[in-house]
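This is what each chain is made of:
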Amino acid sequence: MLSQAFAPAKVNLFLHVGAPGADGYHPLCSLMVFADVGDRVSLAPAEALDFTLTGPFARDLAGQGDNLVQRAALAMLQAVRGPRSPVMLALDKQLPVAAGLGGGSADAGAALRLLRAAWAPDMSDERLQDLAASLGADGAACLWGAPVLAEGRGERLSRAPDLPVMPAVLVNPRVASPTGAIYGRFDALGAFGDVTPPPTPEAFETVEEVAGWVSLLRNDLEAAAVQIAPEIGDVLNALRGEPETLVAQMSGSGATCFALCASDIEAEQLAEGLERMRPDWWVRRCRLGGPWPDLA
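Conventions adopted
- The residue numbering used here restarts from 1 in each chain and proceeds along that chain's sequence as written.
- For a predicted model such as this one, the threshold for reporting local features is a pLDDT of at least 70, and the threshold for listing and counting side-chain atom pairs is 80 or more; totals across whole chains, interfaces and linings nevertheless cover every residue.
- Values shown for side chains rest on all heavy atoms present in the structure; no hydrogens or waters enter the calculation.
- Each pair of aromatic rings taken from Phe, Tyr and Trp, with Trp reduced to its six-membered ring, is defined by centres within 6.5 Å and is described as stacked if the planes are under 30 degrees apart, edge-to-face if over 60, and tilted in the remaining cases.
- Working definition: helices are DSSP H or I runs of at least four residues, strands are E runs of at least two. Numbering for both runs from the N terminus.
- Throughout, exposure labels follow a simple rule: accessible area from a 1.4 Å probe, protein chains only, divided by the maximum for the residue type, with under 20% read as buried, over 50% as exposed, and the rest as partly exposed.
- A ring is considered to have a charge above it if a Lys NZ or an Arg CZ atom is located within 6 Å of its centre and within 35 degrees of its normal.
- The contact criterion used throughout is that any non-hydrogen atoms of two residues lie within 4.5 Å.
- What makes a nonpolar core is a set of buried Ala, Val, Leu, Ile, Met, Phe, Trp, Tyr and Cys residues whose side-chain atoms join them at distances within 4.5 Å.
- DSSP calls a pair of strands paired once it identifies at least 2 bridges connecting them.
- A pocket, in this scheme, is an open set of points on a 1 Å grid over the protein atoms alone with protein on both sides within 12 Å along at least 5 of 7 lines, while a cavity is a set where a 1.4 Å probe fits but cannot get out; residues line either one if an atom lies within 4 Å of a point.
- Grid points are joined across faces, edges and corners, and a volume is the space filled by probe spheres set on the points.
- The nonpolar class holds Ala, Val, Leu, Ile, Met, Phe, Trp, Tyr, Cys and Pro. Asp, Glu, Lys and Arg form the charged class, and all remaining residues, Gly among them, are polar.

A. Examining the packing of aromatic side chains more closely. According to the stated counting rule, one finds 4 aromatic pairs in the structure shown. Ring geometry for F14 against W213: centres 5.7 Å apart, planes inclined by 85°, an arrangement best described as edge-to-face. Residue F14 is located in strand β1 (residues 3-17), and its partner W213 is located in helix α6 (residues 207-214); the two are separated by 199 residues in the primary sequence. Here F14 and W213 have matching classes, each one buried. Look at F186 and F192: their rings are 5.3 Å apart centre to centre, the planes differ by 80°, and that puts the pair in the edge-to-face class. Site record: aromatic cluster; members linked through ring pairs are F14, F204 and W213. Across the ring face of Y25, the terminal group of R153 is positioned such that the distance to the ring centre comes to 3.7 Å.

Spelled out as structure tokens, the structure:
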């Protein structure tokens, strides 16, 4: 029987990054939300553990050896021990790769949820979250696809404020924004941020309230990312210059940027205008919030 899970795009509404510690890791503080666009992972019985890759961005993962879906399967096998019925995992890669959208971590989270149901239905949420965290800094946050405040290296999670569903547009200029290089330039610039959680209300009633709050915050990696990939600056300038945009920021270490809009209609108008202006960019209208339901 085929089962499927949704792996939503992650968006950092803000990302504050501090100076690296003695271990070389940067402390951070970020409010992560999730889009109703993303990848899809499916699981089906098979004669041997196997993996297939499809979708418009599959070629960007092909030939890279094991990806996070495969690593998630191996981690689950090690956790449950003993023989388990073999399965085929399939990843439909709809999101750009290395785009600041947490796609790999979300793919791993979707795979872990499917594998728990198939192999270890009694496994606790806490144990599953530990497995997700072992696969990367965003792993725990992206497991459930629900809004969350992340601190430390991204592994210390706490409750996000109540948020409305937020119409938005995601834009990626289809250029590389390698995380390691971005952090290297960030360190060279030395403009480290304060990672104390900013004052935050317990709940936001409207997207306009969220946008006003986000406009007071920042993505500390933006300057470094724009230096390495100036096309990110082009995207931000384009978004910030359109009347439908309430606020625009870069997500993660780039290269994807997002704009919040007051309504679905305005988000659609913004997306259509950008697609006409820059058909070479990846543009998606979406809603931000989460969690979004898995596919049937």
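The rest of the description comes next.
B. Molecular detail of the environment of A211. Secondary-structure assignment places A211 in helix α6. Taking the C-alpha atoms as reference, A211 lies 9.2 Å from A262; in sequence the two are 51 residues apart. Setting aside residues no more than four positions away along its own chain, A211 makes contact with L246, V247 and L260.

C. Here's a closer look at the nonpolar core. Ranked by internal contacts, the top residues of the largest apolar core, which has 66 residues, are M76, L112, V169, L239 and L274. With 8 residues, helix α2 (residues 103-119) is the largest single contributor of residues to this core. By size, the runner-up hydrophobic cluster in this structure holds 31 residues, among which are V11, L31, W213 and W282.

D. Structural view of the pairing of strand β2 (residues 28-45). Counted residue by residue, β2 has 14 buried out of 18 residues, so it is predominantly covered. For β1 and β2, the ladder comprises 13 bridges, and the chain directions are antiparallel. Paired with Q4 across the two strands is S42, which belongs to β2. Examined bridge by bridge, β2 and strand β5 (residues 148-152) share 5 bridges and lie antiparallel to one another. Its bridge partner being in β5, C29 is matched across the sheet by E151. Here β2 pairs with strand β10 (residues 282-289) via 2 bridges, running antiparallel.

E. Representation of the layout of surface pockets in the model. Of the voids in this model, the largest pocket is the one considered here, and its volume is about 1,100 Å³. Forming the walls of the largest pocket are 44 residues, and the residues nearest its centre are G102, S105, A137, D138 and T179. Elements supplying a minimum of two residues to the lining of the largest pocket: β1, β2, α1 (68-80), α2 and α5 (179-189). It is α2 that provides the largest number of residues to the lining of the largest pocket, a total of 4 residues. Classifying every residue of the lining of the largest pocket gives 19 nonpolar, 17 polar and 8 charged.

F. Layout of the side chain of D107. Structurally, the position occupied by D107 is in helix α2. Residue D107 is classed as buried on the basis of its relative accessible area of 3%. For D107, the contacting residues outside a window of four places in its chain are A7, D39, V41, V69, L91 and K93.

G. Representation of unusual backbone geometry in the model. Here the amide bond leading from G254 into A255 is cis, since omega sits at 10°, within 30 degrees of zero. Mapped onto the elements, A255 comes out in the loop between β8 (247-250) and β9 (257-260). Backbone torsion omega between G290 and P291 reads 0°, so that peptide bond is classified as cis. Among the structural elements, P291 can be located in the segment after β10. Even without being a glycine, R81 presents a positive backbone phi close to 55°. Relative to the assigned elements, R81 resides in the loop between α1 and β4 (87-92). Taking the relative accessible area as the measure of exposure, R81 reaches 65% and is therefore exposed.

None of the figures reported here should be taken as evidence of function without further support.
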